[in-house]
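Chain residues, written in single-letter form:
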Amino acid sequence: QRRVTAAQLEALSHYAMQELDDEALGWFDRRLPWGSYGMLCRASLTSPTLEVALKRWCRHHRLLTEDIVFELIPPRSPQRGSALIRVTENVALGELREFCLVSTLRYLLGYACWAIDSRIALAETTLPFAAPPHADAYRYLFDGPVRFEADAASLAFDARYLALPVRRDEKALQAMLQRALPLTVLQYR
């Protein structure tokens, strides 16, 4: 029932991922060896826009696992409306469900912000489970409203972000991957 700091969570996650050689920390039917999420970042780095980068990231995540599947859903008109990143759960994640969904959404959001070098304001975050006792901590993970007991986990944001160019290169990626976990545990600044 105690809280941990972002630095403590980063250190614990890093240690556990190294020891288990599983960046997914046991969430999925198969482990994701060290470097799996770095590979996803690298595969979308040469994208001209955030939309292309997110589509690639979602498509390539399926190569790692189909236990959960990410989908980018742009609005009908890119000039207005919200884009949605939705997660489909294809297996029961059990007691790791909350940790898995929150961590993977945070990692994807952190990477997207890093790629365009801009904090992406969220219109809404939805999660398919009841509000946990620590629900107040979610305001530090996702800006904007958080809705629990939704049909699926998702992030909604202004679709105009999709047109922004990817501003990072291989050198920046190498530097980020030396310490990538802050993208998961901290809001992008």
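The present account deals with the structure reproduced in this document. Keep in mind that this is a model prediction, so the values were computed, not measured.

Observations concerning the nonpolar core
Counting residues in hydrophobic clusters, the biggest one holds 56 residues, and the most contacted among them are Leu54, Phe70, Trp114, Ile120, Phe142 and Phe157. Those elements giving two or more residues to this core turn out to be helix H2 (36–45), helix H3 (50–64), strand S1 (68–73), strand S2 (82–89), helix H4 (97–116), helix H5 (138–141), strand S5 (153–158) and helix H6 (170–177). If you tally residues by element for this core, the top one is H4, at 13 residues. Aside from chain neighbours lying at most four places away, what touches Phe70 is Trp57, Cys58, His61, Ile85, Arg86, Val87, Thr104, Leu105 and Leu108.

Details of the packing of aromatic side chains
Tallied over the full model, the rule gives ten aromatic pairs. Ring plane angle 80° and centroid distance 6.0 Å describe the contact between Trp27 and Phe28, whose orientation is recorded as edge-to-face. For the pair Trp27 and Phe28, a shared accessibility class is recorded, and that class is buried. Every member of this aromatic cluster is reached through a ring pair, and the members are Tyr37, Trp57, Phe70 and Tyr107.

A short note on the pairing of S2
Across six bridges, S1 lies against S2 in antiparallel orientation. Bridging from a neighbouring strand, Ile73 pairs with Leu84 of S2. Bridge count between S2 and S5: six bridges; the pairing is antiparallel. The partner of Leu84 across the bridge, within S5, is Ala156.

Comments concerning the state of the cysteines
Summed over all chains, the structure comprises zero disulfides. Cys58 takes part in no disulfide bond, and the closest cysteine sulfur, belonging to Cys41, lies 12 Å away. Unpaired in terms of disulfides, Cys113 finds its nearest cysteine sulfur in Cys41, a separation of 13 Å.

Remarks on the sheet that holds S5
Within the open sheet, the five strands sit side by side as S1-S2-S5-S3-S4. Their pairing is mixed. On the outer flanks of this sheet lie S1 and strand S4 (146–147), each paired with one strand and no other. Note that strand S3 (residues 122–126) and S4 share two bridges and pair parallel. Looking across to S4, one finds that Thr126 is bridged to Arg147. The strands that H3 touches are S1, S2 and S5; relative to S1, the one it contacts most, it runs at about 160°.

Observations concerning unusual backbone geometry
Positive phi outside glycine occurs at Leu25, with the angle close to 55°. Along the chain, the position of Leu25 falls in the loop between helix H1 (6–20) and H2.

Regarding the environment of Ser154
When you line up the elements, Ser154 lands in strand S5. Setting aside chain neighbours within four positions, we find Ser154 in contact with Leu84, Ile85, Arg86, Leu105, Glu124, Thr125 and Thr126. Within the local environment of Ser154, its side chain forms a polar contact with the side chain of Thr126, the two groups lying 2.5 Å apart.

What about the packing of H2 against H6?
To characterise two packed helices, one gives the angle between the axes of the helices and the distance between these axes. Contact geometry of H2 with H6 gives a least axis separation of 11 Å together with a crossing angle of 165°. Here H6 runs roughly antiparallel to H2, going by the angle between their axes. Once H2 is placed against H6, the crossing between them reads as right-handed. Mapping the contact onto sequence places Gly38, Cys41, Arg42 and Leu45 in H2 and Glu170, Leu173, Gln174, Met176 and Leu177 in H6. Taken together, the residues of the contact of H2 with H6 break down into five nonpolar, two polar and two charged.

Reading the values: rules and limits
- Residues numbered from 1 in each chain as written.
- Predicted model: local features only at pLDDT ≥ 70, side-chain atom pairs only at ≥ 80, totals over all residues.
- Heavy atoms only, no water.
- Core = buried A, V, L, I, M, F, W, Y, C linked by side-chain atoms within 4.5 Å.
- Buried < 20%, exposed > 50% of the residue type's maximum accessible area, 1.4 Å probe, protein only.
- Helix = DSSP H or I, 4+ residues; strand = E, 2+ residues; numbered from the N terminus.
- Contact = heavy atoms within 4.5 Å.
- Phe/Tyr/Trp six-rings, centres within 6.5 Å; stacked < 30°, edge-to-face > 60°.
- Pairing = 2+ DSSP bridges.
- Disulfide = S-S within 2.5 Å.
- Axes fitted to C-alpha atoms, helices over the stretch in contact; angles between N-to-C directions.
- Polar contact = N/O pair within 3.5 Å; in protein donor to acceptor, adjacent residues only side chain to side chain.
- Parallel < 35°, antiparallel > 145°, perpendicular 65-115°, else oblique.
- Left-handed = near helix turned anticlockwise from the far one by under 90°.
- Nonpolar A, V, L, I, M, F, W, Y, C, P; charged D, E, K, R; others polar.

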